[in-house]
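Listed below, chain by chain, are the residues.
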Amino acid sequence: MSRSGATVAPECVTKYNELKLGKEIKYIIYKLSDDYKEVVVEDYSSDNDWESFRNKLLSAKAGYKGKEGKGPRYAVYDFQWELAGGEGTRNKIVFISWSPDEGTLVFPRMTYASSKEALKNALPGLGGEVQANGDDAIEYDTILKDISKGTR
């Protein structure tokens, strides 16, 4: 259980294991349930199109007490990239915490922040983490530069 009291639904771990072991799923997007008491799977896909994934994060919504704003989300993405000089391919499963600085209601933002560790702890074997708070922070090249540091 998280500091917010939110629990992680079993399907979150099941889908993550499918991504990690089966390599057929490219990404999973998680959200807090409408009552903010449980982390659930919102979407998953085998689609390699980064922009499609990114647009799902950018268009996410969250409501509270009849108001709606931009929606924070968690995601797991299986990054794969070629090393310079043709030295091979690398991949990392990356946890992304998306919480836009502008347009997000306070309650959802704070609840997502205090629930993040519960989800991360339920997903063993993550290769990296990215905290993204603006549109430019979830550009493919920005994240790839961050996660590929030290890779040879």
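Residues numbered from 1 in each chain as written. Predicted model: local features only at pLDDT ≥ 70, side-chain atom pairs only at ≥ 80, totals over all residues. Heavy atoms only, no water.

S.K.: Please clarify how unusual backbone geometry should be interpreted in this entry.
M.R.: Glycine aside, negative phi is the norm for most residues, and most peptide bonds take the trans geometry. For tyrosine 36, which is not a glycine, the phi torsion comes out positive at approximately 60°. Mapped onto the secondary structure, tyrosine 36 falls in the loop between strand S2 (27-32) and strand S3 (38-45). Under the relative-accessibility criterion, tyrosine 36 is labelled buried at 10%. Despite not being glycine, lysine 65 has its phi angle at roughly 50°, a positive value. One can find lysine 65 in the loop between strand S4 (61-64) and strand S5 (67-70). The exposure class of lysine 65 is exposed, given its relative accessible area of 69%. (Helix = DSSP H or I, 4+ residues; strand = E, 2+ residues; numbered from the N terminus. Buried < 20%, exposed > 50% of the residue type's maximum accessible area, 1.4 Å probe, protein only.)

S.K.: Sorry, what's going on with the side chain of serine 97 here?
M.R.: Mapped onto the elements, serine 97 comes out in strand S7 (residues 89-98). Engagement of the side chain of serine 97 in a polar contact is seen with the side chain of glutamine 131, the distance being 3.3 Å. (Polar contact = N/O pair within 3.5 Å; in protein donor to acceptor, adjacent residues only side chain to side chain.)

S.K.: What exactly am I supposed to notice about the pattern of salt bridges here?
M.R.: Opposite charge on two side chains lets them pair, provided their charged atoms get close. Applying the stated rule across the entire model yields 10 salt bridges. Between glutamate 117 and lysine 120 there is a salt bridge; the shortest N-O distance is 3.5 Å. Residue glutamate 117 and its partner lysine 120 are located together in helix H3 (residues 106-122), separated by 3 residues, close to a single helical turn. According to the relative accessible area criterion, glutamate 117 is partly exposed, its value standing at 40%. One salt-bridge network, in which partners are shared between bridges, spans Lys116, Glu117, Lys120 and Glu129. (Salt bridge = Lys/Arg side-chain N within 4 Å of Asp/Glu carboxyl O.)

S.K.: How do you make sense of the sheet that holds S3 when you look at a structure like this?
M.R.: Each strand in a sheet pairs with another by means of backbone hydrogen bonds, the pair being arranged parallel or else antiparallel. With respect to topology, 6 strands assemble into an open sheet ordered S1-S3-S2-S6-S7-S8, the strand pairing being mixed. The sheet is open, and its two borders are formed by strand S1 (7-8) and strand S8 (128-132), each paired with just one other strand. The strands that helix H1 (residues 10-22) touches are S1, S2, S3, strand S6 (73-82) and S7; relative to S3, the one it contacts most, it runs at about 35°. Each of S2, S3, S6 and S7 touches helix H2 (residues 50-58); the most contacted strand, S2, lies at about 5° to it. (Pairing = 2+ DSSP bridges. Contact = heavy atoms within 4.5 Å. Axes fitted to C-alpha atoms, helices over the stretch in contact; angles between N-to-C directions.)

S.K.: Just checking my understanding: could you explain the packing of aromatic side chains for this structure?
M.R.: The description of an aromatic ring pair rests on the distance of the ring centres and on the angle between the ring planes. One pass over the full model with this rule turns up 13 aromatic pairs. Consider the rings of phenylalanine 53 and tyrosine 77, whose centres lie 4.9 Å apart with planes at 50°: the pair is tilted. With phenylalanine 53 in helix H2 and tyrosine 77 in strand S6, the pair connects residues that are 24 residues apart, well separated along the chain. When sorted by exposure, phenylalanine 53 lands in the same class as tyrosine 77, which is buried. Look at tyrosine 74 and tyrosine 112: their rings are 5.1 Å apart centre to centre, the planes differ by 45°, and that puts the pair in the tilted class. With tyrosine 74 in strand S6 and tyrosine 112 in helix H3, the pair connects residues that are 38 residues apart, well separated along the chain. The exposure class assigned to tyrosine 112 is buried, which follows from its relative accessible area of 4%. For lysine 15, the ring lying beneath its charged end belongs to tyrosine 44, and the centroid distance is 4.0 Å. (Phe/Tyr/Trp six-rings, centres within 6.5 Å; stacked < 30°, edge-to-face > 60°. Lys NZ or Arg CZ within 6 Å of the ring centre and 35° of its normal.)

S.K.: I tried to follow the pairing of S3 on my own but got confused; where do I start?
M.R.: It is a general feature of regular strands that their side chains alternate between the two faces of the sheet. Here S1 runs beside S3; their pairing, made up of 2 bridges, is parallel. Its bridge partner being in S3, threonine 7 is matched across the sheet by glutamate 38. Two elements, S2 and S3, share 6 bridges in a ladder whose sense is antiparallel. Bridge pairing links tyrosine 27 to serine 45 in S3. From the end of S2 to the start of S3, which pair antiparallel, there are 5 residues, and tyrosine 36 there has a positive phi angle of about 60°.

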